[in-house]
Amino acid sequence: MSTRATLANDFWDRPLRDLFQTLEATPAGLTSDEANRRLRLYGPNSFVRESRFAALFSFLRLVANPLVIILLIASGASLALGDRIGGLIIISIVLLSVLLNFFMEFQARHAVEKIQKQVATTAAVVRDGREQELLIAELVPGDIIRLNAGDLVPADSRLLKVTDLQVRESALTGESLPVEKSVADLPSGKHEVADASNSVFLGTAVQTGIGTAVIVRTGRDTAFGEIAKRLATQPPETEFARGIRHFGMMITWITMLLVLFVLLVNIILHRPLLESFLFSVALAVGMTPEMMPMIITVTLAQGARRMTKKKVLVKQLAAIEDFGSIDILCSDKTGTLTEGEIVLDRHVDVQGKDDENVLRMIYLNSYFEAGIKSPLDAAILKHVHPAIVEYEKVDEIPFDFNRKRLSVVVRHGAEHLLITKGEAESVFAICQTVNVDGSPRPFDESQRAHAAETFKKLSADGYRVLGVAVQKVEKQDSYTLAAEHDMTLVGFAAF
(Lines give C-alpha, C1' and ligand atoms only; values in the text may rest on other atoms or scores of the structure.)
Protein backbone atom coordinates (compact mmCIF):
# COMPACT_ATOMS: atom_id res chain seq x y z
CA MET A 1 0.00 0.00 0.00
CA SER A 2 1.31 3.49 -0.84
CA THR A 3 2.13 5.81 1.97
CA ARG A 4 0.10 8.86 2.89
CA ALA A 5 2.99 11.07 1.75
CA THR A 6 2.96 9.46 -1.71
CA LEU A 7 -0.74 10.13 -2.14
CA ALA A 8 -0.26 13.74 -1.07
CA ASN A 9 1.59 14.53 -4.32
CA ASP A 10 -0.08 16.53 -7.09
CA PHE A 11 -2.04 13.53 -8.34
CA TRP A 12 -3.74 15.47 -11.14
CA ASP A 13 -0.35 15.80 -12.89
CA ARG A 14 0.20 12.03 -12.95
CA PRO A 15 -0.97 9.65 -15.70
CA LEU A 16 -4.15 7.85 -14.72
CA ARG A 17 -2.59 4.41 -15.21
CA ASP A 18 0.25 5.24 -12.78
CA LEU A 19 -2.25 6.60 -10.28
CA PHE A 20 -4.23 3.36 -10.26
CA GLN A 21 -1.02 1.40 -9.67
CA THR A 22 -0.04 3.66 -6.78
CA LEU A 23 -3.49 3.36 -5.23
CA GLU A 24 -3.66 -0.38 -5.90
CA ALA A 25 -7.19 0.25 -7.13
CA THR A 26 -9.36 -0.77 -10.09
CA PRO A 27 -12.36 0.84 -11.84
CA ALA A 28 -14.50 -1.90 -10.23
CA GLY A 29 -13.89 -0.41 -6.75
CA LEU A 30 -12.73 -1.94 -3.48
CA THR A 31 -14.02 -4.80 -1.40
CA SER A 32 -15.36 -4.09 2.08
CA ASP A 33 -12.45 -5.94 3.71
CA GLU A 34 -9.87 -3.93 1.76
CA ALA A 35 -11.73 -0.69 2.48
CA ASN A 36 -11.76 -1.45 6.23
CA ARG A 37 -8.03 -2.14 6.14
CA ARG A 38 -7.39 1.17 4.41
CA LEU A 39 -9.67 2.96 6.84
CA ARG A 40 -7.46 1.75 9.72
CA LEU A 41 -4.37 2.81 7.77
CA TYR A 42 -5.45 6.27 6.61
CA GLY A 43 -8.06 7.12 9.23
CA PRO A 44 -11.58 8.47 8.71
CA ASN A 45 -12.37 10.89 5.90
CA SER A 46 -12.91 13.83 8.24
CA PHE A 47 -10.99 16.70 9.73
CA VAL A 48 -9.45 16.54 13.19
CA ARG A 49 -12.17 17.01 15.74
CA GLU A 50 -11.76 19.30 18.68
CA SER A 51 -10.39 17.68 21.82
CA ARG A 52 -12.96 16.69 24.44
CA PHE A 53 -10.99 18.91 26.82
CA ALA A 54 -11.11 21.91 24.45
CA ALA A 55 -13.64 23.72 26.65
CA LEU A 56 -11.47 23.17 29.76
CA PHE A 57 -8.36 24.40 27.93
CA SER A 58 -10.26 27.44 26.73
CA PHE A 59 -11.34 28.23 30.31
CA LEU A 60 -7.81 27.80 31.67
CA ARG A 61 -6.45 30.06 28.91
CA LEU A 62 -8.78 32.81 30.07
CA VAL A 63 -7.69 32.30 33.67
CA ALA A 64 -3.99 32.40 32.71
CA ASN A 65 -4.14 36.14 32.26
CA PRO A 66 -1.60 38.22 34.27
CA LEU A 67 -4.31 40.59 35.47
CA VAL A 68 -6.56 37.70 36.56
CA ILE A 69 -3.66 35.99 38.32
CA ILE A 70 -2.84 39.20 40.22
CA LEU A 71 -6.44 39.48 41.36
CA LEU A 72 -6.56 35.83 42.46
CA ILE A 73 -3.35 36.30 44.45
CA ALA A 74 -4.79 39.45 46.00
CA SER A 75 -8.01 37.65 46.92
CA GLY A 76 -6.00 34.80 48.41
CA ALA A 77 -4.02 37.28 50.50
CA SER A 78 -7.23 38.94 51.67
CA LEU A 79 -8.68 35.59 52.74
CA ALA A 80 -5.45 34.66 54.51
CA LEU A 81 -5.47 37.91 56.43
CA GLY A 82 -9.05 37.43 57.59
CA ASP A 83 -10.76 39.78 55.11
CA ARG A 84 -13.19 37.19 53.85
CA ILE A 85 -15.71 39.64 52.40
CA GLY A 86 -13.07 41.51 50.38
CA GLY A 87 -11.48 38.28 49.15
CA LEU A 88 -14.80 36.74 48.11
CA ILE A 89 -15.83 39.92 46.29
CA ILE A 90 -12.61 39.89 44.26
CA ILE A 91 -12.97 36.17 43.44
CA SER A 92 -16.62 36.66 42.41
CA ILE A 93 -15.76 39.54 40.09
CA VAL A 94 -12.91 37.59 38.48
CA LEU A 95 -14.96 34.42 38.02
CA LEU A 96 -17.90 36.35 36.60
CA SER A 97 -15.60 38.06 34.10
CA VAL A 98 -13.93 34.80 33.03
CA LEU A 99 -17.22 32.89 32.83
CA LEU A 100 -18.83 35.60 30.70
CA ASN A 101 -15.89 35.55 28.29
CA PHE A 102 -15.95 31.74 28.22
CA PHE A 103 -19.71 31.68 27.58
CA MET A 104 -19.39 34.01 24.57
CA GLU A 105 -16.64 31.86 23.02
CA PHE A 106 -18.59 28.66 23.77
CA GLN A 107 -21.65 30.03 21.97
CA ALA A 108 -19.53 30.87 18.92
CA ARG A 109 -17.97 27.39 18.90
CA HIS A 110 -21.41 25.79 19.17
CA ALA A 111 -22.68 27.88 16.24
CA VAL A 112 -19.76 26.69 14.08
CA GLU A 113 -20.54 23.05 14.96
CA LYS A 114 -24.17 23.54 13.91
CA ILE A 115 -23.02 24.92 10.56
CA GLN A 116 -20.70 21.94 10.03
CA LYS A 117 -23.59 19.49 10.63
CA GLN A 118 -25.36 20.92 7.58
CA VAL A 119 -22.75 19.37 5.26
CA ALA A 120 -23.78 16.21 3.39
CA THR A 121 -22.82 13.03 5.24
CA THR A 122 -23.17 10.28 2.61
CA ALA A 123 -21.84 9.56 -0.87
CA ALA A 124 -22.51 7.04 -3.68
CA VAL A 125 -19.62 4.53 -3.62
CA VAL A 126 -18.89 1.32 -5.54
CA ARG A 127 -18.07 -1.37 -2.96
CA ASP A 128 -18.09 -5.14 -3.48
CA GLY A 129 -19.04 -4.59 -7.13
CA ARG A 130 -22.23 -2.63 -6.44
CA GLU A 131 -23.13 1.01 -5.86
CA GLN A 132 -24.20 1.90 -2.33
CA GLU A 133 -24.63 4.93 -0.07
CA LEU A 134 -21.93 5.15 2.61
CA LEU A 135 -20.95 7.69 5.22
CA ILE A 136 -18.39 10.13 3.90
CA ALA A 137 -16.20 9.41 6.92
CA GLU A 138 -15.86 5.78 5.73
CA LEU A 139 -14.39 6.64 2.31
CA VAL A 140 -10.77 5.69 1.65
CA PRO A 141 -8.19 6.20 -1.14
CA GLY A 142 -9.00 3.82 -3.99
CA ASP A 143 -12.79 4.01 -3.60
CA ILE A 144 -14.80 4.61 -6.78
CA ILE A 145 -17.48 7.29 -6.33
CA ARG A 146 -20.41 8.48 -8.46
CA LEU A 147 -21.14 12.18 -8.79
CA ASN A 148 -24.42 13.75 -9.89
CA ALA A 149 -25.71 17.30 -10.25
CA GLY A 150 -26.17 18.83 -6.80
CA ASP A 151 -23.71 16.51 -5.04
CA LEU A 152 -20.92 17.76 -2.80
CA VAL A 153 -17.60 16.16 -3.69
CA PRO A 154 -16.68 13.94 -0.68
CA ALA A 155 -12.89 13.73 -1.21
CA ASP A 156 -10.07 14.75 -3.57
CA SER A 157 -10.53 12.46 -6.57
CA ARG A 158 -9.33 11.82 -10.11
CA LEU A 159 -12.06 11.65 -12.75
CA LEU A 160 -12.53 8.44 -14.73
CA LYS A 161 -15.66 9.24 -16.72
CA VAL A 162 -17.67 12.44 -17.18
CA THR A 163 -20.77 13.54 -19.04
CA ASP A 164 -21.13 17.32 -19.29
CA LEU A 165 -19.64 17.66 -15.80
CA GLN A 166 -19.29 21.18 -14.41
CA VAL A 167 -18.16 21.78 -10.84
CA ARG A 168 -18.48 24.92 -8.74
CA GLU A 169 -15.12 25.43 -6.98
CA SER A 170 -15.71 28.86 -5.42
CA ALA A 171 -15.22 27.48 -1.88
CA LEU A 172 -11.72 26.36 -2.83
CA THR A 173 -10.49 28.75 -5.53
CA GLY A 174 -12.82 31.75 -5.23
CA GLU A 175 -13.87 31.43 -8.88
CA SER A 176 -17.62 32.08 -9.10
CA LEU A 177 -18.23 30.36 -12.45
CA PRO A 178 -18.38 26.55 -12.64
CA VAL A 179 -15.39 24.71 -14.13
CA GLU A 180 -15.70 22.30 -17.05
CA LYS A 181 -14.19 18.91 -16.14
CA SER A 182 -12.69 16.19 -18.33
CA VAL A 183 -10.79 12.92 -17.85
CA ALA A 184 -7.78 13.74 -20.05
CA ASP A 185 -4.28 13.85 -18.56
CA LEU A 186 -2.95 17.38 -18.14
CA PRO A 187 -0.08 18.70 -20.28
CA SER A 188 3.38 18.02 -18.89
CA GLY A 189 4.50 20.32 -16.09
CA LYS A 190 3.21 21.38 -12.70
CA HIS A 191 -0.33 22.65 -12.31
CA GLU A 192 -2.18 24.29 -9.42
CA VAL A 193 -5.48 23.06 -7.98
CA ALA A 194 -7.40 25.68 -9.97
CA ASP A 195 -5.97 24.24 -13.23
CA ALA A 196 -6.67 20.58 -12.39
CA SER A 197 -9.49 20.08 -14.91
CA ASN A 198 -9.24 16.27 -14.60
CA SER A 199 -9.88 16.17 -10.84
CA VAL A 200 -12.48 17.17 -8.28
CA PHE A 201 -11.87 18.27 -4.71
CA LEU A 202 -13.52 18.02 -1.32
CA GLY A 203 -15.73 21.01 -0.53
CA THR A 204 -16.71 21.71 -4.15
CA ALA A 205 -20.17 21.07 -5.64
CA VAL A 206 -21.34 19.48 -8.88
CA GLN A 207 -23.27 22.07 -10.87
CA THR A 208 -24.35 19.96 -13.86
CA GLY A 209 -23.64 16.58 -15.42
CA ILE A 210 -22.49 13.28 -13.97
CA GLY A 211 -19.12 11.69 -13.31
CA THR A 212 -17.21 8.76 -11.92
CA ALA A 213 -13.96 9.25 -9.99
CA VAL A 214 -11.39 7.40 -7.91
CA ILE A 215 -10.61 8.85 -4.48
CA VAL A 216 -6.96 9.78 -4.00
CA ARG A 217 -6.85 11.87 -0.82
CA THR A 218 -9.17 11.97 2.18
CA GLY A 219 -9.61 13.98 5.37
CA ARG A 220 -6.67 16.09 6.45
CA ASP A 221 -4.69 15.29 3.30
CA THR A 222 -7.18 16.98 0.97
CA ALA A 223 -6.71 20.50 -0.38
CA PHE A 224 -9.62 21.61 1.81
CA GLY A 225 -8.09 19.79 4.77
CA GLU A 226 -4.91 21.84 4.38
CA ILE A 227 -6.98 24.98 4.69
CA ALA A 228 -8.82 23.58 7.72
CA LYS A 229 -5.51 22.74 9.44
CA ARG A 230 -4.28 26.29 8.99
CA LEU A 231 -7.54 27.66 10.38
CA ALA A 232 -7.39 25.28 13.35
CA THR A 233 -4.00 26.52 14.51
CA GLN A 234 -3.83 28.85 17.49
CA PRO A 235 -4.53 32.36 16.15
CA PRO A 236 -1.83 34.99 16.74
CA GLU A 237 -2.20 37.16 19.80
CA THR A 238 -4.21 40.27 19.05
CA GLU A 239 -2.81 43.71 19.73
CA PHE A 240 -5.51 44.26 22.33
CA ALA A 241 -4.71 41.02 24.18
CA ARG A 242 -1.01 41.86 24.01
CA GLY A 243 -1.72 45.29 25.49
CA ILE A 244 -3.76 43.79 28.36
CA ARG A 245 -0.99 41.27 29.05
CA HIS A 246 1.68 43.98 29.13
CA PHE A 247 -0.52 46.13 31.36
CA GLY A 248 -0.99 43.21 33.75
CA MET A 249 2.76 42.59 33.89
CA MET A 250 3.39 46.28 34.52
CA ILE A 251 0.87 46.31 37.38
CA THR A 252 2.52 43.18 38.78
CA TRP A 253 6.02 44.69 38.77
CA ILE A 254 4.87 48.04 40.16
CA THR A 255 2.90 46.33 42.93
CA MET A 256 5.82 44.08 43.87
CA LEU A 257 8.31 46.94 43.88
CA LEU A 258 6.06 49.17 45.99
CA VAL A 259 5.31 46.35 48.44
CA LEU A 260 9.02 45.61 48.80
CA PHE A 261 9.79 49.31 49.11
CA VAL A 262 7.15 49.88 51.83
CA LEU A 263 8.24 46.73 53.65
CA LEU A 264 11.87 47.81 53.49
CA VAL A 265 11.08 51.33 54.77
CA ASN A 266 9.09 49.91 57.68
CA ILE A 267 11.94 47.54 58.56
CA ILE A 268 14.44 50.44 58.46
CA LEU A 269 12.16 52.43 60.76
CA HIS A 270 12.20 49.45 63.15
CA ARG A 271 8.48 48.84 62.98
CA PRO A 272 7.08 45.37 63.83
CA LEU A 273 7.78 42.92 60.98
CA LEU A 274 4.33 41.29 60.97
CA GLU A 275 2.56 44.64 61.01
CA SER A 276 4.76 45.89 58.17
CA PHE A 277 4.06 42.77 56.09
CA LEU A 278 0.30 43.00 56.62
CA PHE A 279 0.38 46.67 55.66
CA SER A 280 2.30 45.86 52.45
CA VAL A 281 -0.15 43.13 51.47
CA ALA A 282 -3.12 45.44 52.13
CA LEU A 283 -1.42 48.04 49.92
CA ALA A 284 -0.99 45.47 47.14
CA VAL A 285 -4.66 44.48 47.33
CA GLY A 286 -5.73 48.11 47.26
CA MET A 287 -3.62 48.86 44.18
CA THR A 288 -5.07 45.95 42.15
CA PRO A 289 -7.80 47.06 39.66
CA GLU A 290 -10.42 44.50 40.65
CA MET A 291 -13.12 45.76 38.30
CA MET A 292 -10.95 46.06 35.20
CA PRO A 293 -11.42 42.49 33.82
CA MET A 294 -15.17 42.75 34.33
CA ILE A 295 -15.38 46.12 32.58
CA ILE A 296 -13.31 44.88 29.63
CA THR A 297 -15.34 41.68 29.25
CA VAL A 298 -18.74 43.36 29.54
CA THR A 299 -17.75 46.03 27.01
CA LEU A 300 -16.47 43.48 24.49
CA ALA A 301 -19.51 41.24 25.07
CA GLN A 302 -21.80 44.15 24.22
CA GLY A 303 -19.89 44.60 20.99
CA ALA A 304 -20.20 40.89 20.22
CA ARG A 305 -23.97 40.99 20.78
CA ARG A 306 -24.36 43.96 18.44
CA MET A 307 -22.33 42.17 15.76
CA THR A 308 -24.38 38.98 16.21
CA LYS A 309 -27.52 40.94 15.34
CA LYS A 310 -25.80 41.78 12.04
CA LYS A 311 -25.03 38.06 11.48
CA VAL A 312 -21.35 38.35 12.37
CA LEU A 313 -19.98 35.46 14.47
CA VAL A 314 -17.38 36.52 17.07
CA LYS A 315 -15.25 33.58 18.22
CA GLN A 316 -12.85 35.62 20.39
CA LEU A 317 -13.94 38.73 22.26
CA ALA A 318 -10.45 40.21 22.12
CA ALA A 319 -10.71 40.38 18.33
CA ILE A 320 -13.46 43.01 18.50
CA GLU A 321 -11.07 45.80 19.51
CA ASP A 322 -8.76 44.96 16.60
CA PHE A 323 -11.72 44.82 14.25
CA GLY A 324 -12.74 48.29 15.34
CA SER A 325 -9.24 49.57 14.57
CA ILE A 326 -9.34 48.43 10.93
CA ASP A 327 -9.10 51.13 8.27
CA ILE A 328 -9.27 48.83 5.22
CA LEU A 329 -10.70 45.29 5.22
CA CYS A 330 -9.79 43.09 2.23
CA SER A 331 -12.03 40.09 1.63
CA ASP A 332 -12.75 37.53 -1.04
CA LYS A 333 -16.18 38.58 -2.34
CA THR A 334 -17.66 35.38 -3.79
CA GLY A 335 -20.06 33.89 -1.27
CA THR A 336 -18.86 36.41 1.31
CA LEU A 337 -19.82 39.89 0.17
CA THR A 338 -21.93 38.45 -2.63
CA GLU A 339 -24.37 35.53 -2.75
CA GLY A 340 -22.41 33.59 -5.37
CA GLU A 341 -25.39 33.96 -7.74
CA ILE A 342 -24.87 35.62 -11.13
CA VAL A 343 -27.34 38.33 -12.20
CA LEU A 344 -27.71 40.08 -15.55
CA ASP A 345 -27.33 43.70 -14.50
CA ARG A 346 -26.81 45.68 -17.71
CA HIS A 347 -27.39 45.31 -21.47
CA VAL A 348 -25.71 48.16 -23.36
CA ASP A 349 -24.60 49.16 -26.84
CA VAL A 350 -20.95 49.81 -27.71
CA GLN A 351 -21.28 53.34 -26.31
CA GLY A 352 -22.37 52.03 -22.90
CA LYS A 353 -26.03 53.11 -23.27
CA ASP A 354 -28.86 50.77 -22.24
CA ASP A 355 -30.20 48.98 -25.30
CA GLU A 356 -33.30 46.74 -25.38
CA ASN A 357 -32.17 45.20 -28.67
CA VAL A 358 -29.10 43.76 -26.92
CA LEU A 359 -31.37 42.18 -24.32
CA ARG A 360 -33.64 40.74 -27.02
CA MET A 361 -30.75 39.21 -28.97
CA ILE A 362 -28.98 37.66 -25.99
CA TYR A 363 -32.26 36.34 -24.57
CA LEU A 364 -33.10 34.68 -27.90
CA ASN A 365 -29.64 33.09 -27.93
CA SER A 366 -29.97 31.65 -24.41
CA TYR A 367 -33.63 30.68 -24.76
CA PHE A 368 -33.11 28.62 -27.93
CA GLU A 369 -29.74 27.17 -26.88
CA ALA A 370 -30.03 23.38 -26.68
CA GLY A 371 -26.67 22.62 -25.09
CA ILE A 372 -25.70 22.86 -21.43
CA LYS A 373 -26.87 26.15 -20.02
CA SER A 374 -24.31 27.96 -17.91
CA PRO A 375 -25.08 30.19 -14.89
CA LEU A 376 -24.83 33.13 -17.31
CA ASP A 377 -27.69 31.64 -19.36
CA ALA A 378 -29.70 31.10 -16.17
CA ALA A 379 -29.18 34.77 -15.27
CA ILE A 380 -30.33 35.86 -18.74
CA LEU A 381 -33.46 33.68 -18.63
CA LYS A 382 -34.41 35.04 -15.17
CA HIS A 383 -34.23 38.63 -16.42
CA VAL A 384 -37.32 40.52 -17.54
CA HIS A 385 -37.33 40.28 -21.34
CA PRO A 386 -39.19 41.43 -24.46
CA ALA A 387 -41.75 39.17 -26.10
CA ILE A 388 -40.22 36.53 -28.38
CA VAL A 389 -43.31 34.59 -29.52
CA GLU A 390 -42.70 35.64 -33.14
CA TYR A 391 -39.29 33.98 -33.21
CA GLU A 392 -38.68 30.34 -34.07
CA LYS A 393 -35.45 28.37 -33.80
CA VAL A 394 -33.90 27.06 -36.99
CA ASP A 395 -30.43 25.79 -36.05
CA GLU A 396 -27.60 26.09 -33.56
CA ILE A 397 -23.81 26.27 -33.69
CA PRO A 398 -22.77 24.87 -30.27
CA PHE A 399 -20.28 26.45 -27.92
CA ASP A 400 -16.70 25.24 -27.83
CA PHE A 401 -13.69 26.35 -25.81
CA ASN A 402 -11.61 27.21 -28.87
CA ARG A 403 -13.78 29.97 -30.29
CA LYS A 404 -15.51 30.73 -26.93
CA ARG A 405 -18.88 31.68 -28.38
CA LEU A 406 -22.26 30.14 -29.24
CA SER A 407 -24.67 30.93 -32.06
CA VAL A 408 -28.31 30.18 -32.81
CA VAL A 409 -30.27 30.81 -36.00
CA VAL A 410 -33.85 32.03 -35.56
CA ARG A 411 -36.62 32.87 -38.02
CA HIS A 412 -38.57 36.10 -37.62
CA GLY A 413 -41.13 36.40 -40.35
CA ALA A 414 -39.22 36.03 -43.60
CA GLU A 415 -35.86 36.87 -42.00
CA HIS A 416 -33.28 34.43 -40.70
CA LEU A 417 -31.02 35.86 -37.99
CA LEU A 418 -27.75 34.40 -36.76
CA ILE A 419 -27.28 35.56 -33.13
CA THR A 420 -23.95 35.05 -31.41
CA LYS A 421 -22.87 35.61 -27.82
CA GLY A 422 -19.52 34.88 -26.19
CA GLU A 423 -16.20 36.26 -25.00
CA ALA A 424 -15.98 39.88 -26.16
CA GLU A 425 -12.67 39.55 -28.02
CA SER A 426 -13.93 36.41 -29.78
CA VAL A 427 -17.08 38.22 -30.92
CA PHE A 428 -15.03 41.22 -32.09
CA ALA A 429 -13.07 38.90 -34.37
CA ILE A 430 -16.13 37.94 -36.46
CA CYS A 431 -17.69 41.42 -36.74
CA GLN A 432 -17.50 43.58 -39.88
CA THR A 433 -19.91 46.31 -38.75
CA VAL A 434 -21.11 47.76 -35.46
CA ASN A 435 -24.53 49.09 -34.45
CA VAL A 436 -24.22 52.77 -33.41
CA ASP A 437 -27.41 54.67 -32.54
CA GLY A 438 -29.48 52.10 -34.41
CA SER A 439 -27.55 52.11 -37.67
CA PRO A 440 -24.63 49.94 -38.80
CA ARG A 441 -21.19 51.43 -39.27
CA PRO A 442 -17.89 49.88 -40.35
CA PHE A 443 -16.15 48.16 -37.45
CA ASP A 444 -12.87 49.92 -38.18
CA GLU A 445 -9.97 50.64 -35.83
CA SER A 446 -11.73 53.67 -34.34
CA GLN A 447 -14.96 51.80 -33.60
CA ARG A 448 -13.03 48.76 -32.36
CA ALA A 449 -11.10 50.95 -29.91
CA HIS A 450 -14.36 52.53 -28.76
CA ALA A 451 -15.97 49.13 -28.19
CA ALA A 452 -12.87 47.86 -26.40
CA GLU A 453 -12.94 50.91 -24.11
CA THR A 454 -16.57 50.24 -23.16
CA PHE A 455 -15.72 46.58 -22.51
CA LYS A 456 -12.73 47.54 -20.30
CA LYS A 457 -14.83 50.04 -18.33
CA LEU A 458 -17.51 47.41 -17.60
CA SER A 459 -14.84 44.90 -16.59
CA ALA A 460 -13.16 47.46 -14.33
CA ASP A 461 -16.53 48.01 -12.61
CA GLY A 462 -16.56 44.33 -11.62
CA TYR A 463 -18.79 42.93 -14.35
CA ARG A 464 -18.42 39.70 -16.27
CA VAL A 465 -19.03 40.84 -19.87
CA LEU A 466 -20.27 38.98 -22.97
CA GLY A 467 -20.29 40.37 -26.48
CA VAL A 468 -23.44 40.08 -28.63
CA ALA A 469 -23.53 40.13 -32.43
CA VAL A 470 -26.17 39.47 -35.11
CA GLN A 471 -26.35 38.90 -38.88
CA LYS A 472 -29.08 38.29 -41.43
CA VAL A 473 -28.39 34.97 -43.18
CA GLU A 474 -29.83 33.12 -46.11
CA LYS A 475 -32.15 30.19 -45.49
CA GLN A 476 -30.41 26.82 -45.66
CA ASP A 477 -30.76 23.34 -44.21
CA SER A 478 -27.97 23.67 -41.64
CA TYR A 479 -25.39 26.19 -40.50
CA THR A 480 -21.72 25.66 -39.68
CA LEU A 481 -18.92 27.66 -38.11
CA ALA A 482 -18.31 29.27 -41.50
CA ALA A 483 -21.55 31.26 -41.03
CA GLU A 484 -19.97 33.26 -38.21
CA HIS A 485 -18.47 36.08 -40.25
CA ASP A 486 -19.23 39.66 -41.34
CA MET A 487 -21.50 40.07 -38.33
CA THR A 488 -22.76 43.25 -36.67
CA LEU A 489 -21.73 43.95 -33.08
CA VAL A 490 -24.82 45.12 -31.20
CA GLY A 491 -23.38 45.52 -27.68
CA PHE A 492 -22.58 43.87 -24.37
CA ALA A 493 -24.35 42.00 -21.59
CA ALA A 494 -22.85 42.69 -18.16
CA PHE A 495 -23.27 40.28 -15.20
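Details of the structure are given in the entry above.
Residues numbered from 1 in each chain as written. Predicted model: local features only at pLDDT ≥ 70, side-chain atom pairs only at ≥ 80, totals over all residues. Heavy atoms only, no water.

Looking at the overall build of the chain
Across its full length, the chain carries 16 helices and 15 strands. The buried share of the chain, reckoned over its 495 residues, is 41%. Long-range pairs, those at least 24 residues apart, make up 66% of the contacts in the chain between residues at least 6 apart in sequence. Split by element, the accessible area of the chain, about 27500 Å² in all, is 59% carbon and sulfur. (Helix = DSSP H or I, 4+ residues; strand = E, 2+ residues; numbered from the N terminus. Buried < 20%, exposed > 50% of the residue type's maximum accessible area, 1.4 Å probe, protein only. Contact = heavy atoms within 4.5 Å. Areas by Shrake-Rupley, 256 points an atom, 1.4 Å probe, with all protein chains shown as cover.)

Description of the pattern of salt bridges
Once the charged atoms of two side chains with opposite charge are near each other, the side chains can pair. One pass over the structure, following the stated rule, counts 19 salt bridges. Notably, a salt bridge pairs arginine 158 with aspartate 185, separated by 2.5 Å at the nearest N-O pair. In this pair, arginine 158 sits in strand 4 (residues 156-168) while aspartate 185 sits in the loop between strand 5 (179-180) and strand 6 (199-200), placing the two residues 27 residues apart along the sequence. Judged by its relative accessible area of 44%, aspartate 185 is partly exposed. (Salt bridge = Lys/Arg side-chain N within 4 Å of Asp/Glu carboxyl O.)

Topic: the nonpolar core
Ranked by internal contacts, the top residues of the largest apolar core, which has 26 residues, are Leu364, Tyr391, Val410, Ile419 and Phe495. Of all the secondary-structure elements, those providing two or more residues to this core are helix 13 (356-368), helix 14 (375-382), strand 10 (405-412), strand 11 (415-423), strand 14 (465-472) and strand 15 (487-494). Among the elements that take part in this core, helix 13 stands out by supplying seven residues, more than any other. Those residues in contact with valine 410 that lie beyond four places of it in its chain are Phe368, Tyr391, Glu392, Lys393, Val394, Glu415, His416, Leu417 and Ile419. Among the nonpolar cores identified, the runner-up in size contains 25 residues, and Val409, Val427, Val465 and Ala494 belong to it. (Core = buried A, V, L, I, M, F, W, Y, C linked by side-chain atoms within 4.5 Å.)

Some remarks on the packing of aromatic side chains
This structure, assessed with the given rule, holds eight aromatic pairs. Ring centres of tryptophan 12 and phenylalanine 201 lie 5.5 Å apart, and the angle between their planes is 75°; on these two criteria the pair is classed as edge-to-face. Of this pair, tryptophan 12 sits in the loop between helix 1 (4-7) and helix 2 (16-23) while phenylalanine 201 sits in the loop between strand 6 and strand 7 (205-217), placing them 189 residues apart in sequence. Tryptophan 12 gets classed as buried once you look at its relative accessible area, which sits at 3%. Taken together, the ring pairs connect Phe428, Phe443, Phe455 and Phe492 into an aromatic cluster. (Phe/Tyr/Trp six-rings, centres within 6.5 Å; stacked < 30°, edge-to-face > 60°.)

Section: helix 16 (residues 445-460)
A rise of 1.5 Å per residue sets the reference length of helix 16, with its 16 residues, at 22 Å; its end C-alpha atoms lie 22 Å apart and thus fit the reference within 8%. Those residues of helix 16 lying buried are Gln447, Ala451, Thr454, Phe455 and Leu458. Along the axis of helix 16, the buried positions cluster into a sector of 100°, meaning they face one direction only. For helix 16, the exposed residues set more than 90 degrees away from the buried face come down to Glu445, Ser446, Glu453, Lys456, Lys457 and Ala460. On its buried face, helix 16 sits against strand 8 (346-348), helix 15 (424-428), strand 12 (431-436), strand 13 (439-442), strand 14 and strand 15. Backbone geometry just after helix 16 places glycine 462 at a positive phi near 95°. (Expected span 1.5 Å × (residues − 1). Arc of directions from axis to C-beta.)

Quick notes on a positive patch on the surface
Taken together, Arg305, Arg306, Lys309 and Lys310 make up a surface patch of like positive charges. With respect to the helices and strands, lysine 309 occurs in helix 11 (residues 292-309). (Patch = residues over 30% accessible without salt bridge, like charges linked within 9 Å, V, L, I, M, F, W, Y side chains within 5 Å. Lys, Arg positive; Asp, Glu negative; His and termini not counted. Charge placed at Lys NZ, Arg CZ, Asp CG, Glu CD.)

A word on the environment of lysine 393
Secondary-structure assignment places lysine 393 in strand 9 (residues 391-400). Residue contacts for lysine 393: discarding those within four places in its chain leaves Phe368, Glu369, Ala370, Val409 and Val410. Separated by 2.8 Å, the side chain of lysine 393 and the backbone oxygen of phenylalanine 368 make a polar contact. Only 2.7 Å separates the side chain of lysine 393 from the side chain of glutamate 396, close enough to count as a polar contact. (Polar contact = N/O pair within 3.5 Å; in protein donor to acceptor, adjacent residues only side chain to side chain.)

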